Amino acid sequence: MKNASQILNENKAWVEETFAKLDKKLRKVAVRAYDVVADGVDENGRFIDRSKTVLWGWTNGFWGGLNALMYEHTKAPEYLECAKTIEKKMDAALREVYDKLHHDVGFQWHILSGALYRITGDKGSRARNLFAASTLAGRFNIDAGFIRAWNGPKDVNRTIIDTLMNLPLLYWASREVKDDRFAQIAMAHADTALCDHLRDDGSVAHIVEHDGENGAVLSTFGGQGIAEGSSWSRGQSWAVYGLTLSYIHTKEQRYLDGAKLAANYFISNCCDDWLPRIDFRAPAEPVYYDSTAAMVTACGLIELAKILPENEGGMYMNAAINLLRANVEAHANFDENVDFVMDNGSVRYPCDGDLKKAGVHIPIIYGDYYFAEALLKLLGSEFLPW
Ligand code: GLY
């Protein structure tokens, strides 16, 4: 196996050429959709504005965040204009629907306001992100050691693997206000995820129901995968990247070990064609893809390759490049007349066969976000939005 740098060098031309196509297209979309809180597209492939319907939606930060990320690298003003316009528009969520905010406020604000604060120094962005961090910290169950997911009466003692991706918001807040408590909450939750979500074989349970007094596992649920005990590929990607990020922010070896276990499982299970299916334990047919799982995992694998010694990192860099190249070939759309790039994302496994209701094979905004993030990492960007 070649080492990480050799693999990166061999793919440099492809990375540069692919990023150039992405940048060219996104500059146009940034102008056209400069004020759209985007997720999902209409019949013409144009973003739908979620600020009118789901102001609290967990994906609402990705389009603005993608523009902040592209601005950081290119300094093209249309990206900054778009990111700032959407950031302001999302203030309505903080003002008007506080009770509906949830465990995913890091996805919503850390990659948007957190990134804008770090790029521009805007104190308003800092305040928004600290507000989000306090909201997330307030969901911590101090007896049982976890951050609760969702807001329904049944959800009080439930955790989901996805929440790992929100912990960087807390690590950031700790450093920003010099208060260890945010990071302590993040680490307690990451430890619960390691212990209760990550299985011995490296696969993960999406949802865990805990005893609210001592944290013991009462049951697990398949969540967005096919069934209890299954292996939802995007959940796996949240574990790969989320645990890697906890390692980056804390330097605790157990998070790196967990990230590698999850990554090794993903690589061994994602099929020879490098096109992740929605659930690694679903029947081989029918084939349902999820391109978002590939893009999120690629980001985690590239960070692992950077952390690990060159030789060990080679396997992760190789897998990241294979995931990116295969999924771009199969699912990317660089037509400048449509707003999305990555097609064939999937929200969840269609257990009842209803593909439309389950959101199977559709463009999903975070597929584009992590695609851009992965390419920027490969281009050598040191800006870590998480
Ligand atoms: N965080 C929800 C999802 O990955 O679909």
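Note: the structure precedes this text.
Worth saying up front: this structure is predicted, and the values here are computed from it rather than measured. (Residues numbered from 1 in each chain as written. Predicted model: local features only at pLDDT ≥ 70, side-chain atom pairs only at ≥ 80, totals over all residues. Heavy atoms only, no water.)

K.L.:
Which parts of the structure should I look at to understand the packing of helix α12 (residues 291–307) against helix α15 (residues 365–378)?
P.N.:
Where α12 meets α15, the closest approach of the two axes is 8 Å, and the angle between their N-to-C directions is 25 degrees. Here α12 lies roughly parallel to α15, going by the angle between them. With respect to the hand of their crossing, α12 and α15 are arranged in left-handed fashion. Mapping the contact onto sequence places T292, M295, V296, A298, C299, I302 and E303 in α12 and Y366, G367, Y370, F371, E373, A374, K377 and L378 in α15. Per-class residue counts for the contact of α12 with α15 are 10 nonpolar, 2 polar and 3 charged. (Axes fitted to C-alpha atoms, helices over the stretch in contact; angles between N-to-C directions. Helix = DSSP H or I, 4+ residues; strand = E, 2+ residues; numbered from the N terminus. Parallel < 35°, antiparallel > 145°, perpendicular 65-115°, else oblique. Left-handed = near helix turned anticlockwise from the far one by under 90°. Contact = heavy atoms within 4.5 Å. Nonpolar A, V, L, I, M, F, W, Y, C, P; charged D, E, K, R; others polar.)

K.L.:
What should I look at first to understand the nonpolar core in this one?
P.N.:
One broad trend across soluble globular proteins is that nonpolar side chains are buried collectively. One finds W63, L170, L301, Y370 and W386 to be the most contacted residues of the largest nonpolar core, which totals 128 residues. Other than its neighbours up to four places away in sequence, L170 contacts A133, L136, A137, I147, F182, A183, I185 and A186. (Core = buried A, V, L, I, M, F, W, Y, C linked by side-chain atoms within 4.5 Å. Buried < 20%, exposed > 50% of the residue type's maximum accessible area, 1.4 Å probe, protein only.)

K.L.:
Teacher, can you tell me more about the pairing of strand β1 (residues 38–41) here?
P.N.:
Successive side chains on a regular strand alternate, one facing one side of the sheet and the next facing the other. As paired strands, β1 and strand β2 (residues 47–49) are joined by 2 bridges and run antiparallel to one another. By the bridge assignment, A38 is partnered in β2 with D49. Hairpin geometry of β1 and β2 is characterised by an intervening segment of 5 residues between the two adjacent antiparallel strands and by a positive phi of about 80 degrees at G45. (Pairing = 2+ DSSP bridges.)

K.L.:
I would appreciate a short explanation of unusual backbone geometry in the present structure.
P.N.:
Working note: non-glycine residues mostly have negative phi, and peptide bonds are mostly trans. A cis amide bond links E285 with the next residue in sequence, P286, at an omega value of -5 degrees. A positive phi angle, near 55 degrees, is found at K178, a position not held by glycine. For K178, the position within the fold is in the loop between α8 (167–177) and α9 (180–197). With a phi close to 60 degrees, K251 is a non-glycine residue in the positive phi region. In this fold, K251 is placed in the loop between α10 (233–250) and α11 (253–269).

K.L.:
Help me out: how do you make sense of the pattern of salt bridges in this one?
P.N.:
Two side chains with opposite charge may pair up if their charged atoms get near one another. For the structure shown, the criterion picks out 24 salt bridges. One salt bridge connects E16 with K12, and the closest N-O pair in it is separated by 3.1 Å. One end of the pair, E16, and the other, K12, are both in helix α2 (residues 12–32), 4 residues apart, so they sit about a helical turn from each other. Residue K377 pairs with E303 through a salt bridge whose shortest N-O separation is 2.8 Å. On the criterion of sequence distance, the pair formed by K377 in helix α15 and E303 in helix α12 is long-range, its members being 74 residues apart. Assigned by exposure class, K377 and E303 land together as buried. Overlapping salt bridges, with partners in common, bring together E303, K306, E373 and K377 in one network. (Salt bridge = Lys/Arg side-chain N within 4 Å of Asp/Glu carboxyl O.)

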